[in-house]
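# Coordinates in review
Residue strings, one per chain:
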Amino acid sequence: MRAGFVTGWWSGQGRLAAGLLTRAAHNAQRWVVRETSRTLSTPLWHRVPLVLWNGVRPTSFTFGGLRMVHARSSRTASAPSTPTPVASARSDNTIFRVYLAPALRVALRASCNERRSRVFVPGTQPTLQALSEAIRERFAVLHKLEGSNVRVVLAVGHPESEQLVETDAALWEVQAAGQPLYLRWDPQADEQALRAFLERPRHFPTAAEKRIALPPFYPPSAKLEVVQCMHLLSFYRFVPLEAPDELAAALRAYLHPLNVRGRIYVAREGVNAQLVVPDVALSALQQLLAADALYLPELAGVRLNLDPTPMPLEVYHRSPPFRSLHVRCRRQVLADGLAQELDLSQRGQELAPAEWHAALDDPHAVLIDVRNVYESRVGTFQGAAESRPLRTGTFRDTWRALQHQLGGMPRDRRILTYCTGGIRCEKAAAYLHTRLGFSNVQRLAGGIVAYAAEARKHGWTSKFKGANYVFDERLESRVTEDVLAQCETCGTPYDSYTQCAHVPCHRRFIQCPKCRRRYTGCCGPKCQRALELTLQNGIGELHWYADSVSRPLPATPSEALLEEVEAETHRRYPDAAHMLSGRLQGMLLATLARLVRAERILELGTFTGYSALCLAGALGATAARTVITVEHEPGAAAIAQSFFDRAPTALAAIHLEHGRVAEVLRTMVQRNEPPFDLIYFDADKKGYIEYLQHILEHRLLSPQGVIVADNVMFRPRYGKRTHVGVEEVELDRHAHKVARRSASLADAMDAFNRYVQQEPRVVQVVLPVRDGVSVIQWREEYRQGKRGDGGG
Ligand SMILES: C[S@@+](CC[C@H](N)C(=O)[O-])C[C@H]1O[C@@H](n2cnc3c(N)ncnc32)[C@H](O)[C@@H]1O
């Protein structure tokens, strides 16, 4: 017997029409259905088995409206009669790593989250059929294959692998070897079907095209142009659904015209929705789901958890909690990882927020926070009740944590459970009742969201302290001003979550703004280092582009001369040639010199004379115009002088001062040197602060003058890079030395930037050109003044 994993063909339109017909039976007066079902008899696509037993090996057959096409493969070995046991299976589930192959990802336009997943299959010897169902549930994007005639197979090891999983035994082998699985096109795919799918028209029918009559109370438009604010709203209901996909289709059809965004899961066990609703559409949505409404009978009278604070439209635009509407069919609306379905008919007693508020004073009650540890960290209920945190990482861990926390407890003890919106408590309470035998389980109706709204409405002192963690892009919604958590990097009280800026890590964690700045948005130095390497590459590319589209000033020394300086520098200083300013920075210096109408320029750090030549070019030759440049290294000074001697006469005179910058600056003051209109800092980084103080103190900068400081965004180099990532930075001994030195230079530059930022006499702007250029000027009130008066 052989089995193949396939996705098949079925009539998507027919499915919708069939769904609508069924719905029409509920409320015939509201629906106009012009389409009729075609071949459909089993509307649940995800219930259709995807494994073919091919004793007779059909190439295709139709099952409940789904045409199944067998995935032929190069593997011919038949399944052994005694299956190999699975080597590694955790708890009640077996976990598979499944990826979408790149070609499939692109074709399905899978989002980042949908590109790979761990797939949990109940049992330790899962069948291929169970895995295929779990995959269908996990990779909702496979829905897009609906209506196509293309096949997807499960390949082992790599995206192009032709080793396919076709039998349960092959699956167990894969699991035992810990190999990843790739969802890919069938290697023997029908080219035509594939092309038809890839070139399919991307048109999403509107409600009018679907011929759905919208309710009369709908607003004429819910477009964001006519909206003032958005409302955050959630609802869920555990209700047995015969045809979740019908309800999903109906929800899409009804909610799209209201411009509702968010995420709705629909399964045979019920519905779970988190939405953001335009203000003009809120009352229509409420009417749609009202107790007496017939539009969505499965949801009639569902409790709507409305966030009491509407979101102004500009806030929504800045950080929308949801950007579009996703209605997805899943195996469960709340995946619990339990091998056996819970009996949800016994799920404890619901307490209204006011009853809950009072119940928390019961010293004999046990309070169970059913949320995960990262949620409890930023906000919890506090009261007399004894609190037993579950500290779970995912909802699937709840069962073991409950057994652990409540193991030896009398079964008639009063248990109070709460979660964000109430849905998790329903399953937890059912488990406590039916599996652990607790008889007095009570849960907070509507969860923290409903409690916070009621507390605010009635002016109670909230017993929930801190922030309510939410699963949209806001990450939390504040209930009280209490701060229960700490910054994970410095330990100061703070409770806002962020995500590590280093994309491969992307860890969600708590970090204060100070540490966020310090670690450039990363969760720690390791990720920061990795990010810096990425940025170095990125900036390199941007610099290259900026250089290629810039055009030098006409008076700049000839490109040929500058190229010669560069070539000579590389020849004589192969390891230090990067110190030379280069074309783009040379152009920037010349432009700034022109802008401030500079006559006198001072450069600290000549090296081989590249930037001095650019500056002299910007001034042009007149008697009053001069560039003074300072260099202490005789070899570099000699090279620079040789080029200055050969410079065209159209350039301003360049006077090279041999010696250390500090001394030269002192002698300048002694000999009463007139002030400069542009001073370029490009010598030793650790002296920048001292030079600045001296220049300001002795007014060596003219009132309109500008200081240009180079390398102010200098970032440490961390040795040889193999490829970007957290673990990939190799440091050899020499690299260690370089790293230490460059780290100390980076610190010096950071100290300089911060010094200038707080220096009252100047203003500065930092430009991310190369490794950062700071442009510093006198503040207006300090422009005029006498030498030695400190500029004041
Ligand atoms: C980055 S390079 C200058 C590059 C040059 N401005 C250009 O763009 O072509 C720095 C130069 O400053 C010199 N230098 C460093 N510290 C110095 C100091 N205290 N006094 C004088 N020169 C110094 C170094 O010898 C080196 O040649």
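Residues numbered from 1 in each chain as written. Predicted model: local features only at pLDDT ≥ 70, side-chain atom pairs only at ≥ 80, totals over all residues.

Moving on, we come to the overall build of the protein. A count of helical and extended segments in the protein gives 22 helices and 30 strands. For the protein, restricting intrachain contacts to residue pairs at least 6 apart in sequence, the fraction spanning at least 24 positions comes to 70%. (Helix = DSSP H or I, 4+ residues; strand = E, 2+ residues; numbered from the N terminus. Contact = placed C-beta atoms within 7 Å.)

Here helix α6 (residues 244–255) contains 12 residues, and its C-alpha end-to-end distance of 16 Å stays within 8% of the 16 Å for a straight helix at 1.5 Å per residue. Within α6, 11 of the 12 residues are buried, which leaves the element mostly enclosed by the surrounding structure. (Expected span 1.5 Å × (residues − 1). Buried ≥ 20, exposed ≤ 12 C-beta atoms within 10 Å, placed from the backbone.)

Another aspect to go through is unusual backbone geometry. The backbone phi angle of F607 is positive, close to 55 degrees, even though this residue is not glycine. We note that R699 has phi near 50 degrees; this positive angle belongs to a residue other than glycine. In this fold, R699 is placed in the loop between α21 (688–697) and β28 (701–710).

With that settled, the discussion passes to the site of the ligand. With respect to spatial proximity, 20 residues lie near the ligand, and among them S581, G605, F607, Y610 and D684 are the closest. Counting residues per element, the ones that place at least two in the shell around the ligand are α18 (610–619) and β25 (626–631). (Near = placed C-beta within 6 Å.)

For the rest of this paragraph, the subject is the sheet that holds strand β26 (residues 653–658). Read from one edge of the open sheet, seven strands run β26-β25-β24-β27-β28-β30-β29, paired in mixed fashion. Whereas interior strands pair on both sides, the edge strands pair on one side only; in this sheet they are β26 and β29 (762–767). Sheet twist, expressed as the mean angle between neighbouring strand axes with direction ignored, is 15 degrees. Along the sheet face, α21 touches β24 (600–604), β27 (676–681) and β28 and points at about 170 degrees away from the line of β27. (Pairing = 2+ DSSP bridges. Axes fitted to C-alpha atoms, helices over the stretch in contact; angles between N-to-C directions.)

Our next topic: α18. Burial analysis of α18 places 10 of its 10 residues in the buried class, the great majority of the element. Of the positions making up α18, those classed as buried are Y610, S611, A612, L613, C614, L615, A616, G617, A618 and L619. Looking one or two residues beyond α18, the residue adopting positive phi is G620, at roughly 75 degrees.

Further remarks concern the nonpolar core. Membership of the largest hydrophobic core comes to 82 residues, with the highest contact counts inside it found for V266, V277, A281 and L285. For this core, the element with the highest residue contribution is α6, accounting for eight residues. Formed jointly, this core draws a minimum of three residues from each of two domains, domain 2 (224–329) and domain 3 (349–484). The contact partners of A281, leaving out residues within four places of it in the chain, are P219, A222, L258, N259 and V260. V664, I707, V773 and W778 belong to the second-largest nonpolar core, a separate cluster that totals 64 residues. (Core = buried A, V, L, I, M, F, W, Y, C linked by C-beta atoms within 7 Å. Domains from an automatic or database assignment.)

Turning to the pairing of strand β6 (residues 152–156), a few remarks are in order. For β6, a buried count of four out of five residues is recorded, marking the element as mostly surrounded by other parts of the structure. Across five bridges, the pairing between β6 and strand β7 (residues 181–185) is antiparallel. For V152, the partnering residue across the bridge sits in β7 and is W185.

Right, let's get into the sheet that holds strand β14 (residues 349–351). Strand order in the open sheet formed by five strands is β14-β19-β18-β15-β17, with parallel pairing between adjacent strands. Each edge of the open sheet carries a strand with a single partner, namely β14 and β17 (386–387). Across three bridges, the pairing between β14 and strand β19 (residues 441–444) is parallel. In the strand pairing of β19, L351 is matched with L444. Against the sheet, helix α12 (residues 423–434) makes contact with β18 (415–418) and β19, and its axis sits at roughly 175 degrees relative to β19, the strand it touches most.

Summary statistics for the protein give a mean pLDDT of 79 and a share of 79% for residues scoring 70 or more. Confidence, read as mean pLDDT per element, is least for strand β1 (residues 9–10) in the protein (27) and greatest for β27 (98). Within the model, the stretch residues 1–91 combines pLDDT values under 50 with 178 contacts to residues more than four positions away or in other chains. Overall, residues 718–732 carries pLDDT values under 50, and its contacts beyond four positions in sequence, including any with other chains, amount to 33 contacts. (pLDDT = per-residue confidence, 0-100.)

In contact at an axis separation of 8 Å, helix α17 (residues 583–595) and α18 are set at 35 degrees when each is read in the N-to-C sense. As α17 packs across α18, the resulting crossing turns out to be right-handed. Contacts between α17 and α18 involve G586, L589, A590, A593 and R594 from the first element and Y610, S611, C614, L615, G617, A618 and L619 from the second. Among the residues making up the contact of α17 with α18, the classes are represented as eight nonpolar, three polar and one charged. (Left-handed = near helix turned anticlockwise from the far one by under 90°. Nonpolar A, V, L, I, M, F, W, Y, C, P; charged D, E, K, R; others polar.)

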